[in-house]
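Next come the chains, spelled out residue by residue.
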Amino acid sequence: HPTAILSMKKIQRSLTTFFHLFLLISAADSFNYKTFFLKVGLNSKSKDQLTKVFGILDQDRSGFIEEDELKLFLQNFSASARALTDAETKAFLAAGDSDGDGKIGVDEFQALVKS
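Residues numbered from 1 in each chain as written. Predicted model: local features only at pLDDT ≥ 70, side-chain atom pairs only at ≥ 80, totals over all residues. Heavy atoms only, no water.

Visitor: Kindly report on the pattern of salt bridges, identifying the contributing residues and their values.
Guide: Side chains that differ in charge, positive against negative, can pair when their charged atoms come close. On inspection of all chains with the given rule, the structure shows three salt bridges. For Asp86, the salt bridge goes to Lys71, with nearest N and O atoms at 2.7 Å. Taken together, the positions of Asp86 in helix α5 (residues 86-96) and Lys71 in helix α4 (residues 67-71) put the pair 15 residues apart, joining distant regions of the chain. Put simply, Arg82 and Glu88 hold a salt bridge, and the shortest N to O gap is 2.8 Å. As far as the burial class goes, Arg82 and Glu88 line up, both buried. (Salt bridge = Lys/Arg side-chain N within 4 Å of Asp/Glu carboxyl O. Helix = DSSP H or I, 4+ residues; strand = E, 2+ residues; numbered from the N terminus. Buried < 20%, exposed > 50% of the residue type's maximum accessible area, 1.4 Å probe, protein only.)

Right under this line is the structure:
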């Protein structure tokens, strides 16, 4: 039955995606934000959708994602995920902080995801 085949393909694709995500989030110093954004499909989201994601990541509602919030980035996607290492957090922050203020605003986040 064609629908069953399509469903199986979707299931296999989902499992493959989750396996890749597991690999991305499990090993220390292995996090690559560009690969992560691609694998979870963030790079194909609209600006409005990215603004909503930003709102989730901005835990203290300051209008910015600060270093301590960035460190826990993966846990917003999976409660059992590890925290980013200091090196990963600093690299992620440096990539997103285009104005050098030490934090990532919504426009910077959208640009980072789309980069």
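From this point, the discussion proceeds with the structure in view.
Visitor: Requested: an account of the packing of helix α3 (residues 47-57) against helix α6 (residues 106-114), with residues and values cited.
Guide: Relative to each other, α3 and α6 sit at 115 degrees, their axes nearing to 10 Å. In this structure, the crossing between α3 and α6 has a hand that is right-handed. Two secondary-structure elements touch here, α3 through Lys47, Leu50, Thr51, Val53, Phe54 and Leu57 and α6 through Val106, Phe109, Gln110, Val113 and Lys114. For the contact of α3 with α6, the per-class residue count stands at seven nonpolar, two polar and two charged. (Axes fitted to C-alpha atoms, helices over the stretch in contact; angles between N-to-C directions. Left-handed = near helix turned anticlockwise from the far one by under 90°. Contact = heavy atoms within 4.5 Å. Nonpolar A, V, L, I, M, F, W, Y, C, P; charged D, E, K, R; others polar.)

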